[in-house]
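Structural overview
Each chain is listed here by its residues.
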Amino acid sequence: MFPAAPEAFLSHEPTGRRFALDNGQSWAIGRGDGCQILLDSRSVSRLHALIQRKDAGGFQLVDLGSRNGSFRNRKRVSVPVLLHDRDHLIFGDQELLFRCRAQTPDAVSMADSRNDPTTALHTNRLATILVVDIRDYTPLARTVSESLLSQTIGTWFLRSGQIVQRLGSWAQKYIGDAVMAVWVHDDPARLQADIRGALQAAVEIAAATAEISSALPLPAPLRIGAGVNTGAAILGGADYTAMGDAVNIAFRLEAATKTLGVSLAVGDPTFRELDVRPSGPFVRREVALKGYEALSVAWGITFDDLRAFLSR
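The following paragraphs examine the structure supplied in this document.

Calculation rules
- Residues numbered from 1 in each chain as written.
- Predicted model: local features only at pLDDT ≥ 70, side-chain atom pairs only at ≥ 80, totals over all residues.
- Heavy atoms only, no water.
- Helix = DSSP H or I, 4+ residues; strand = E, 2+ residues; numbered from the N terminus.
- Buried < 20%, exposed > 50% of the residue type's maximum accessible area, 1.4 Å probe, protein only.
- Contact = heavy atoms within 4.5 Å.
- Pairing = 2+ DSSP bridges.
- Salt bridge = Lys/Arg side-chain N within 4 Å of Asp/Glu carboxyl O.

Helix and strand counts for the protein chain stand at eight helices and 19 strands. Per-residue burial for the protein chain yields a buried fraction of 53% across its 312 residues. Expressed as a percentage of contacts within the protein chain between residues at least 6 apart in sequence, the contacts between residues at least 24 apart total 59%.

Along strand S14 (residues 178–184), seven of the seven residues are buried, which leaves the element largely enclosed by surrounding structure. Burial along S14 is two-sided: the face carrying Ala178, Met180, Val182 and Val184 and the face carrying Val179, Ala181 and Trp183 are both buried. Pairing between strand S13 (residues 171–175) and S14: five bridges, direction antiparallel. Following the sheet pairing, Ala171 is matched in S14 by Val182. In this structure, the hairpin formed by S13 and S14 is closed by a connection of two residues, where Gly176 is found at a positive phi of approximately 60 degrees.

Sheet architecture is open: five strands sit in the order S4-S3-S5-S6-S9, paired in mixed fashion. The open sheet is flanked by strand S4 (37–38) and strand S9 (81–82), the only strands paired with a single partner. Bridge count between strand S3 (residues 26–30) and strand S5 (residues 49–53): four bridges; the pairing is antiparallel. Following the sheet pairing, Ile29 is matched in S5 by Ala49.

What follows is about the side chain of Thr152. With respect to the helices and strands, Thr152 occurs in helix H4 (residues 146–166). Residue Thr152 is classed as buried on the basis of its relative accessible area, which comes to 2%. Those residues in contact with Thr152, other than ones at most four positions away along the chain, are Leu216, Leu218 and Leu222.

Our focus in this paragraph is the pairing of S3. For S3, a buried count of five out of five residues is recorded, marking the element as mostly surrounded by other parts of the structure. Taking every second residue as pointing to the same face, both faces of S3 are buried, with Ser26, Ala28 and Gly30 on one and Trp27 and Ile29 on the other. Looking at chain direction, S3 and S4 are connected through two bridges and run parallel. Bridging across to S4, Ile29 finds its partner in Ile37.

Turning our attention to the pattern of salt bridges. Per the stated rule, a full pass over the model turns up 10 salt bridges. Where Arg99 meets Asp85, a salt bridge forms, and the shortest distance between an N and an O atom there is 2.8 Å. With Arg99 in strand S11 (residues 94–100) and Asp85 in the loop between S9 and strand S10 (88–91), this residue pair connects regions lying 14 residues apart in the sequence. Note on Arg99: relative accessible area 13%, which makes it buried. Residue Asp304 is joined to Arg307 by a salt bridge in which the shortest nitrogen-to-oxygen separation is 2.9 Å. Taken together, the residues Asp304 and Arg307, both in helix H8 (residues 303–310) and three residues apart, mark about one turn of the helix.

In structure tokens form, the structure reads like this:
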């Protein structure tokens, strides 16, 4: 169950239209069918942006690769940004006002304090990081129209974000053609369950990717790779991100799936917590990760085998 949302909505001042942000955890913005915030303008992409409700009750704005960009208070949004009461949001030629009347000055002050690294960053928190990346994105971007590319990446971001949130991710970050999701292990008794949640998210994102690929007129099927790693990470910041060696290794593991010939590569610390027999579906490989001198141990697996493993 999600916490009760504060009284929040988007207001289109010229027409007086209001778009309530009261039920659910995310609201798609665009001119395409299925968008909860439907804006009738050719300057707005079919799937333009996304508003997500954070677990703590706040809201953030995510641009979904739109052609004309998304803006908060006249500044272009390139990474997810927190929203505050009376923020002005622009999508193409459409301007909306974000209202969240439950936000008090104290609440806004607390949110703004996350910009301060001294108070906002928490060191040595054990976390599992999942990185999922679209394969061959650059050739795709060169061969399809901007509108189709925006629809593809926007839909993929939306579906991926919904999956990782539902499966317990503490935070998500959208980076180019990749999604990073973080599971924080505050309860040692839930460590293995949290890791399995991250692996389940990878499986479900793979299935969603196949659905998106079959529904859109793309020149070739979309393919993804994924890396998962567990370790100490620095968590926090204004956009609720994660940093540190464990995060870097997760990105390197995802990149290594291309040379390993697997769908997903799991770091050795993650694999040990799963308590899986070495003779199981995971294949042990030693791999050279970019930026690391010594060889690293990675455990590779296909999405089909991972799905079967998680269903046991």
